Amino acid sequence: MGSSQPSSPLLQKPLKVACIQIASGPDKTKNLAQARQKVLEAASSGANLIILPECFNSPYSTAQFRAYAEPLSPSPDETTSPSFFALAQMARDSGAFLIGGTVPEHDTDTDRIYNTSAVYSPQGELLASHRKMHLFDIDVPGGMSFHESDTLSAGNRITVVDLDGYGRIGLGICYDMRFAEPSAIAARHGAFALVFPSAFNTTTGPLHWELLGRARAVDNQVYSVLCSQARGKDGGYPAWGYSLVADPMGRVVAGMDEKEGIVYAVLEPGVIGETRVAIPVTGQRRFDVYPDLGELVRLR
């Protein structure tokens, strides 16, 4: 194992996670109110880490991302950045770590729009943000055609976040999950879980959603946490749903269907250790033959 891997347990104590599966609509105020109600519900059930889905505050539409975009800052203004302001308040009021799904972010310096996930502490402090690195540009014959790059710009860094008292998580957004390298790098840098706010669709969801979530967990012998939008009823973007948590052995330990709801799971430190003893690929990697990606990439 490369020197980027900490010697202490990756997950320091059990962590109860909650994936909030909701469908967003055109009314930002209603979307934020719905998210707040579900975040507080999850906190009342003892969740320590609460996750919202991709584009929870807006329609998932390249034609509308700019209209819903907001600037991101450590001290968001309620008028110009109502979604980020609301997320900080949700985290503070819930007393839990909060991954705010994603919000279209307006970089006022460059006028670019990013698909951005912001992470908040239980005190409502902005811990980190991740800009979607791999834009969802696909053309499936007879199925889905979508091009995020029509509106969005791509992020350029891998994000690992320290959740004080628990350990580190790796953060990606939906399509990022298809690329194994960022997940491997996050794991090499000590992540105990890989978290993906998402809005997979009904074309690729049946084929790849669970498969990719389980694969990233098995690849890296960590937990993977996939939080999706629910299937909407308004005929908009056809989200797949089926939020899930997979353990380091690739078992789906919690999940649901396409409807709105909350998925709960407790991540256990011992499961990671037991997996790595039973199938010790983490210690058997041949870095004398191929490079350790964690050594090649230094996180900022």
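About the cut-offs
Residues numbered from 1 in each chain as written. Predicted model: local features only at pLDDT ≥ 70, side-chain atom pairs only at ≥ 80, totals over all residues. Heavy atoms only, no water. Buried < 20%, exposed > 50% of the residue type's maximum accessible area, 1.4 Å probe, protein only. Helix = DSSP H or I, 4+ residues; strand = E, 2+ residues; numbered from the N terminus. Contact = heavy atoms within 4.5 Å. Pairing = 2+ DSSP bridges. Axes fitted to C-alpha atoms, helices over the stretch in contact; angles between N-to-C directions. 1 Å grid on protein atoms, 1.4 Å probe; cavity = no way out; pocket = protein on both sides within 12 Å on 5 of 7 lines; lining within 4 Å. Points joined across faces, edges and corners; volume = space filled by probe spheres on them. Nonpolar A, V, L, I, M, F, W, Y, C, P; charged D, E, K, R; others polar.

Give a detailed account of helix H4 (residues 180–188), specifying residues and quantitative values.
Summarising burial for H4: seven of the nine residues are buried, a large majority. Looking only at H4, the buried set comprises Pro182, Ser183, Ala184, Ile185, Ala186, Ala187 and Arg188. Here the buried face of H4 lies against strand E9 (159–163), strand E10 (167–171), strand E11 (191–198), helix H5 (205–220) and helix H8 (293–296). Backbone geometry just downstream of H4 places Gly190 in the positive-phi region, at approximately 90°.

Explain the sheet that holds E11 residue by residue, including any values.
Taken in spatial order, the six strands line up as E9-E10-E11-E12-E13-E14 in an open sheet, and their pairing is mixed. The sheet terminates laterally at E9 and strand E14 (252–255), the two strands that pair on one side only. For this sheet, the mean angle separating the axes of adjacent strands, direction not counted, is 20°. One ladder, built from four bridges, connects E10 with E11; its direction is parallel. Paired with Ile169 across the bridge in E11 is Ala193.

I'd like a rundown of empty space enclosed by the protein, residues and numbers included.
If a probe as big as a water molecule is rolled over the atoms, it shows which places are left empty. For the coordinates displayed, the defined rule picks out two cavities of 30 Å³ or more. Taken as a whole, the largest cavity encloses approximately 90 Å³ of empty space. Looking at the largest cavity, it is lined by 13 residues, and the ones nearest its centre are Leu171, Gly172, Pro182, Ser183 and Phe196. Elements with a contribution of two residues or more to the lining of the largest cavity: E10, H4 and E11. The biggest single contributor to the lining of the largest cavity is H4, with three residues. Per-class residue counts for the lining of the largest cavity are seven nonpolar, five polar and one charged. In this structure, the second largest cavity spans a volume of roughly 40 Å³. Phe136, Cys174, Tyr175, Arg178, Ala199, Phe200, Asn201, Thr204 and Tyr237 are the residues that line the second largest cavity.

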